[in-house]
Amino acid sequence: MSTVLITGANRGIGLALAGCFVEAGWDVHACCRHPEKATTLQSLGASVTIHRLDVTDMLQTENLARSLSGVPLDILVNNAGAKEPGSAFGKVPYEEWSRVFAVNTMAPLHLAERFVGHLETGSRKLIANISSRMGSIGDNDSGGSYVYRSSKAALNMVTRSLSIDLADRGISAIALHPGWVRTKMGGSNAKLETDVSANSLKELMLNLRPEDNGRLLNYDGEHIPW
Ligand SMILES: NC(=O)c1ccc[n+]([C@@H]2O[C@H](COP(=O)([O-])OP(=O)(O)OC[C@H]3O[C@@H](n4cnc5c(N)ncnc54)[C@H](OP(=O)(O)O)[C@@H]3O)[C@@H](O)[C@H]2O)c1
């Protein structure tokens, strides 16, 4: 049985990803901050095991990794993400920066460190970091969003280093842009439904080409410049 661990799986893209992997017959370790409130996630069925995880709580992450010791993991999906309400020039919420950075940048690396052993014993051996086109320097032609953009640019760098550092252990790492998706973060004007984005992301993860390792990919497979 193939196994995936997904963070921020109670709503939005994370919840839709959990549903896609369940449909594909996978075992899903679904992490969220408040399992007791995650009613839709709870309704996905017996192949989903829900874990309490605030990804910025390093002790909780370590305890989770320990409690799953001996469980092979095929894919780690670092999906949990945060965005400041707005950070136009002159209105940057500096007090938000460290929180967003902890969720978007530090936590994915910490999870990779804690779950590398589980991934080594899985068969697909993939770390999929849900990043954003907004973290691409080459693609930035509209400016602003200093906090979110920099946290995702740094996540892209983390992803690249992971792909190099873990290559000897057979583990790949990719950064994925899910598209502009109708979620609390994406807003109601977004173009994509969560299930369309999640299904494309799942297909990408399952059909990764060797040249995709260490790259930033759009949900349709296109390479996005760093
Ligand atoms: N939607 C888009 O258009 C879009 C575009 C590009 C990239 N993305 C990326 O896609 C990913 C998912 O975003 P989304 O659109 O699905 O957003 P969302 O609906 O706002 O969901 C965000 C998820 O992250 C979780 N989360 C936030 N802080 C957390 C923490 N400290 N510990 C654990 N979980 C935490 C939230 O949990 P709670 O319910 O507990 O808050 C929620 O499950 C994010 O990484 C985001 O940056 C989204």
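Up top you'll find the structure we're talking about.
Residues numbered from 1 in each chain as written. Predicted model: local features only at pLDDT ≥ 70, side-chain atom pairs only at ≥ 80, totals over all residues. Heavy atoms only, no water.

S.K.: Which residues make up the environment of glycine 138, and what values go with them?
M.R.: Here glycine 138 is to be found in the loop between strand E5 (126-130) and helix H5 (146-165). By relative accessible area, glycine 138 is classed as exposed at 61%. In sequence terms glycine 138 and proline 225 are 87 residues apart; their C-alpha atoms lie 5.6 Å from each other. Among residues more than four places away in sequence, those in contact with glycine 138 are Pro225 and Trp226. (Helix = DSSP H or I, 4+ residues; strand = E, 2+ residues; numbered from the N terminus. Buried < 20%, exposed > 50% of the residue type's maximum accessible area, 1.4 Å probe, protein only. Contact = heavy atoms within 4.5 Å.)

S.K.: So what about the side chain of serine 87? Which residues, and what values?
M.R.: Tracing the chain through its elements places serine 87 in the loop between strand E4 (75-78) and helix H4 (94-120). In this structure the side chain of serine 87 is engaged in a polar contact, spanning 2.6 Å, whose partner is the side chain of glutamate 84. Once residues within four sequence positions are removed from consideration, serine 87 is found in contact with Val92, Pro93, Gly144, Ser145, Tyr146 and Val147. (Polar contact = N/O pair within 3.5 Å; in protein donor to acceptor, adjacent residues only side chain to side chain.)

S.K.: I'd love a proper account of the site of the ligand, names of residues and values included.
M.R.: With respect to spatial proximity, 28 residues lie near the ligand, and among them Asn10, Arg11, Arg33, Tyr148 and Thr183 are the closest. Contacts to the ligand include isoleucine 13, whose backbone N or O atom sits 2.8 Å from an oxygen atom. In the environment of the ligand, an oxygen atom lies 2.7 Å from a nitrogen or oxygen atom belonging to the backbone of valine 181. The protein chains hide 93% of the 900 Å² of surface that the ligand would expose on its own. At the level of secondary structure, the elements contributing two or more residues to the shell around the ligand comprise helix H1 (12-23) and H5. (Near = heavy atom within 4 Å. Areas by Shrake-Rupley, 256 points an atom, 1.4 Å probe, with all protein chains shown as cover.)

S.K.: Now, about the pattern of salt bridges: what can you tell me, with residues and values included?
M.R.: Opposite charge on two side chains lets them pair, provided their charged atoms get close. Throughout the structure, instances matching the rule amount to nine salt bridges. In this structure, arginine 114 and glutamate 62 form a salt bridge, with 3.7 Å as the shortest nitrogen-oxygen distance. With arginine 114 in helix H4 and glutamate 62 in helix H3 (residues 58-67), this residue pair connects regions lying 52 residues apart in the sequence. Since its relative accessible area comes to 35%, arginine 114 is described here as partly exposed. The residue glutamate 222 makes a salt bridge to arginine 133 at a minimum N-O spacing of 3.3 Å. (Salt bridge = Lys/Arg side-chain N within 4 Å of Asp/Glu carboxyl O.)

S.K.: Break down the packing of H1 against helix H6 (residues 194-206) for me, with residues and values.
M.R.: Axis separation between H1 and H6 bottoms out at 8 Å; the angle between their running directions is 60°. Taken as axis vectors, H1 and H6 run oblique relative to one another. Here H1 runs over H6; the crossing is right-handed. Facing Gly12, Ile13, Ala16, Leu17, Cys20 and Phe21 of H1, the residues of H6 in contact are Thr194, Asp195, Ala198, Asn199, Leu201, Lys202, Met205 and Leu206. Class assignment for the residues of the contact of H1 with H6 results in nine nonpolar, three polar and two charged. (Axes fitted to C-alpha atoms, helices over the stretch in contact; angles between N-to-C directions. Parallel < 35°, antiparallel > 145°, perpendicular 65-115°, else oblique. Left-handed = near helix turned anticlockwise from the far one by under 90°. Nonpolar A, V, L, I, M, F, W, Y, C, P; charged D, E, K, R; others polar.)

S.K.: Please set out the pairing of E4 residue by residue, giving values where relevant.
M.R.: Burial of E4 is two-sided: the residues Ile75 and Val77 facing one way and the residues Leu76 and Asn78 facing the other way are all buried. As defined by bridge partners, strand E1 (residues 3-6) adjoins E4 across three bridges and the pair is classed as parallel. Counterpart to isoleucine 6 in the pairing with E4 is valine 77. When E4 meets E5, the two strands line up parallel, connected through four bridges. Considered in E5, the bridge of leucine 76 is made with isoleucine 127. In this fold, E4 hands off to H4, which returns the chain to E5; that crossover is right-handed. (Pairing = 2+ DSSP bridges. Right-handed = clockwise from strand over helix to strand, strands pointing away.)

S.K.: I'd love a proper account of the sheet that holds E5, names of residues and values included.
M.R.: Sheet architecture is open: eight strands sit in the order E3-E2-E1-E4-E5-E6-E7-E8, paired in mixed fashion. Across the chains shown, the open sheet's two edge strands, defined by having one partner strand only, are strand E3 (48-52) and strand E8 (223-224). Sitting on the sheet, H1 touches E1, strand E2 (27-32), E3 and E4, and the angle it makes with E1 is about 170°.

Treat this as a map of the structure, not an account of what it does.
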